[in-house]
Amino acid sequence: MDALESKKYEAFVVGGCVRDSMMGKQPSDWDICTSAKPEQVKAALCDHRIIETGIKHGTVTVLTDDGSYEVTTYRTESSYSDHRHPDKVEFTPYLLADLARRDFTVNAMAYNKRLGLVDWFGGKKDLQAKVIKCVGDPNERFKEDALRILRALRFAATYGFTIDEETYIAARSNKALLQKISAERISSELTKLLCGKYAYAVLKNYSEIVTEVLPELKPCIGFEQNSLYHDCDVYEHIIRSVAVYDGHWPVIKWALLLHDIGKPACYTEDETGGHFRGHELIGAEMAKSILERLRFDNESKAAVVQLVREHNRHIEPNRASVQKLMSELGEEQTRRLLKVRRADQTAHAEGTRHLYKVDRLEAIVNGIIKDEACFQIKDLDIDGHDLMVLGIPEGPQIGTIMKKLLNDVIFGEAENRKSALLERAKEYLRRN
Ligand code: CTP
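Cut-off values and rules
Each chain has its residues counted from 1, running along the sequence as written. Confidence filtering applies because this is a predicted model: local features only for residues at pLDDT of at least 70, side-chain atom pairs given and counted only at 80 or more, and all residues used for totals across whole chains, interfaces and linings. Values shown for side chains rest on all heavy atoms present in the structure; no hydrogens or waters enter the calculation. Working definition: residue near molecule or strand if any one of its non-hydrogen atoms lies within 4 Å of it. Any pair of N or O atoms that falls within 3.5 Å is considered a polar contact. Within protein, one atom must be able to donate a hydrogen and the other to accept it, and sequence-neighbouring residues count only if both atoms are side-chain atoms. Surface accessibility follows the Shrake-Rupley procedure with a 1.4 Å probe radius. Residue values consider only the protein chains on display as shielding. A helix here means a DSSP run of H or I that spans at least four residues, while a strand means a run of E at least two residues long, and both kinds are numbered starting from the N terminus. In this classification, the charged set is Asp, Glu, Lys and Arg, the nonpolar set is Ala, Val, Leu, Ile, Met, Phe, Trp, Tyr, Cys and Pro, and all remaining amino acids, among them Gly, are polar. Take a side-chain nitrogen of Lys or Arg and a carboxyl oxygen of Asp or Glu: if they are within 4 Å of each other, that pair is a salt bridge. Exposed residues in this analysis have more than 50% of their type's maximum accessible area, buried residues have under 20%, and partly exposed residues fall in between, with area computed by a 1.4 Å probe over protein chains only. The contact criterion used is simple: two residues touch if any of their non-hydrogen atoms lie within 4.5 Å. The length a helix should cover is 1.5 Å for every residue beyond the first. The term nonpolar core refers to a set of buried residues drawn from Ala, Val, Leu, Ile, Met, Phe, Trp, Tyr and Cys, joined through side-chain atoms within 4.5 Å. Note on pairing: DSSP must find at least two bridges between two strands before they are called paired. Axes, fitted as lines to C-alpha atoms, cover a helix only where it is in contact. Angles between the N-to-C directions of the axes lie from 0 to 180 degrees. Cysteine sulfur atoms that pair up within 2.5 Å are treated as a disulfide.

A. Layout of the site of the ligand. Around the ligand lies a shell of 13 residues, among which Arg19, Asp103, Asn107, Asp145 and Arg148 are the nearest. One nitrogen or oxygen atom from the side chain of Arg19 is found 2.9 Å from an oxygen atom belonging to the ligand. At 3.4 Å, a side-chain N or O of Arg151 approaches an oxygen atom of the ligand. Its free accessible area being 560 Å², the ligand has 76% of it covered by the protein chains. Within the residue set of the shell around the ligand, elements represented by two or more residues are α2 (16–22) and α7 (147–159). A total of 4 residues in the shell around the ligand trace back to one element, the largest contributor, which is α7. Grouping the constituent residues of the shell around the ligand by class yields 1 nonpolar, 4 polar and 8 charged.

Put into structure tokens, the structure is as follows:
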């Protein structure tokens, strides 16, 4: 910034880094805006390495010894026919014009050490009042980029802010524009929202917008459960469970959001009350199609779907059953499943939360890991080559026999010792 100012250009840090600094948070990155055009930025900073990240839109990345900084020329944006990208970006010499095109007042402040804080839209006041409020006309801001509707919810969920009434009314009336936004941008905002410390209030108060991108949740709202285990409807139970898990595994947040999504589709009632038999399987199918639509990566999608499908699985509280579960799911996913179960149980009606069962299962998992007990094929004292030496050809038969041997070790029917396992493998061969 000094280098730019020494050439008589203006330079300010701007946007999220100013907001976060004023909240006492460490910004994830520092964005700089300047009156200099990209070529002028390059010339003023010629003794640094510069990457032309988005030069058409005025952005270059400057690499310095203490990190990289995005430097963007002041710009205004013309109309947004697709509600995502400006049709045209124009450079402007005025900081005011650059700040006026930004989404929220708390994101439209700039700072430099010469002039201090530049806050033309009341961002500091809104930050203190914990309010998300659009700069200027909220309808225009949301029509320009409809993702801002979800950004408003995300900031509310991460910082514990409320959304200004006029801004929320505009968000609601423009929510259909979210259909034009790419799935990747939506899922990234939703994940940040779910992981926010204040996600419960946002999911509760702004459910109309959440269900615009996740319409499958709509039938859960107000769906009474008629069960001793629950004192609330399906949606309330879901969002309580999301709030209860305070760790940082997004996969768990998603699994909790979707764990009971299949309930309304399979409700039955008899003299004992309401039942949701098979909701885990229906829910897993629904979760799969939701996460496909949101373009989740395959690994996270598979993990979430499995957690939804298995969230009610009966697990005997003994070592062999838990080892068996771990052989199927792996250690990490087993631990996640127990976290899902803990949150799910905690969101049940008081007096029906079986947390001691989760404690017991977690203690068993810890014991298995501590004792380095066998729960995966790779823990066996033999490998595929040892079976090939016995004359089993390379191919699926090796895998089948290894699985049987693992089962035998888990259930105490064979010792995890090479000679014992080879004997047992020979027996399987003889039987075939
Ligand atoms: N911005 C905007 N409209 C958007 C996205 C961003 O007006 N749809 C502006 C805001 O001024 C924002 C700045 O661009 O502060 C930088 O955006 P970005 O880096 O995406 O978000 P941050 O606000 O920095 O927040 P975070 O880093 O926490 O995502």
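B. Examining the pattern of salt bridges more closely. Scanning the model with the defined rule gives 39 salt bridges in all. Note that Lys125 and Asp126 form a salt bridge whose closest N and O atoms lie 3.6 Å from each other. Among the salt bridges present, the one from Glu362 reaches Arg342, with a minimum N-O distance of 2.8 Å. Residue Glu362 is found in helix α18 (residues 355–370), and its partner Arg342 is found in helix α17 (residues 331–346); the two are separated by 20 residues along the sequence. For Arg342, a relative accessible area of 25% corresponds to the partly exposed category. Several salt bridges converge on common partners, so that one network encompasses Arg75, Glu77, Asp98, Arg101 and Arg102.

C. The environment of Val242, seen in detail. Note that Val242 resides in helix α12 (residues 234–244). Dropping the residues within four chain positions of it, Val242 is found in contact with Leu194, Leu203, Lys253, Leu256 and Leu257.

D. The arrangement of unusual backbone geometry in detail. With a phi angle near 75°, Lys8 is a residue other than glycine that sits in the positive phi range. By secondary structure assignment, the location of Lys8 is in the loop between α1 (2–6) and β1 (11–14). Residue classification places Lys8 among the exposed positions, given a relative accessible area of 76%. One non-glycine residue, Arg295, lies in positive phi territory at about 55°. On the basis of relative accessibility, which here comes to 55%, the residue Arg295 falls in the exposed class.

E. Highlighting α7. Between the first and last C-alpha of α7 there are 18 Å, a value that for 13 residues agrees with the 18 Å anticipated at 1.5 Å per step. Within α7, 11 of the 13 residues are buried, which leaves the element mostly enclosed by the surrounding structure. Listing the buried residues of α7 in full gives Leu147, Arg148, Ile149, Leu150, Ala152, Leu153, Arg154, Phe155, Ala156, Ala157 and Tyr159. Gly160 sits one or two residues past α7 and shows a positive phi near 75°.

F. Structural detail: the nonpolar core. Counting 96 residues, the largest nonpolar core has Leu190, Leu203, Leu214, Trp254, Leu257 and Leu258 as the members making the most contacts within it. With 18 residues, the next largest nonpolar core counts Ala320, Met402, Leu405 and Leu421 among its residues.

G. Quick look at the sheet that holds β1. Spatially, 7 strands are ordered β3-β4-β5-β2-β1-β8-β9 in an open sheet, and the strand pairing comes out mixed. If you trace the sheet from one side to the other, it starts and ends with β3 (49–54) and β9 (116–118), each paired once. Sheet twist, expressed as the mean angle between neighbouring strand axes with direction ignored, is 35°. Strand direction decides the pairing type here: β1 and strand β8 (residues 110–112), joined by 2 bridges, are antiparallel. Within β8, the position partnered with Val14 by the bridge is Ala110.

H. Broad picture of helix α16 (residues 319–329). Every buried residue of α16 is accounted for by Ala320, Ser321, Val322, Gln323, Leu325, Met326 and Leu329. For α16, the elements touching its buried residues are α15 (298–310), α17, α18 and α20 (396–410). Two or three places before Ala320, at the start of α16, stands the capping residue Asn318, its side-chain oxygen 3.3 Å from that residue's backbone nitrogen. A positive phi of about 85° marks Gly330, the residue just after α16.

I. Quick peek at the state of the cysteines. The full count for this structure, using the stated rule, is 0 disulfides. Not engaged in a disulfide, the cysteine Cys266 finds its nearest cysteine sulfur in Cys220; these two sulfurs lie 10 Å apart.

J. Here's a closer look at the environment of Pro38. Looking at where Pro38 falls in the secondary structure, it is placed in helix α3 (residues 38–44). Separated by 391 residues in sequence, Pro38 and Leu429 have C-alpha atoms that sit 72 Å apart. Once residues within four sequence positions are removed from consideration, Pro38 is found in contact with Ile55, Gly58, Val60, Thr73 and Phe91.

K. The arrangement of the side chain of Asp103 in detail. Topologically, Asp103 is positioned in the loop between α4 (95–100) and β8. Assessed through its relative accessible area of 6%, Asp103 is described here as buried. One polar contact links Asp103 to Asn107, side chain to side chain, over a distance of 3.1 Å. Polar contacts involving the side chain of Asp103 include one to the side chain of Arg151, which spans 2.8 Å.

L. Expanded view of the pairing of β1. Side chains Ala11 and Val13 project from β1 onto one buried face, and the interleaved Phe12 and Val14 project onto a second face that is buried too. In the sheet, β1 pairs with strand β2 (residues 31–34) via 3 bridges, with the strands oriented antiparallel. Following the sheet pairing, Ala11 is matched in β2 by Thr34.

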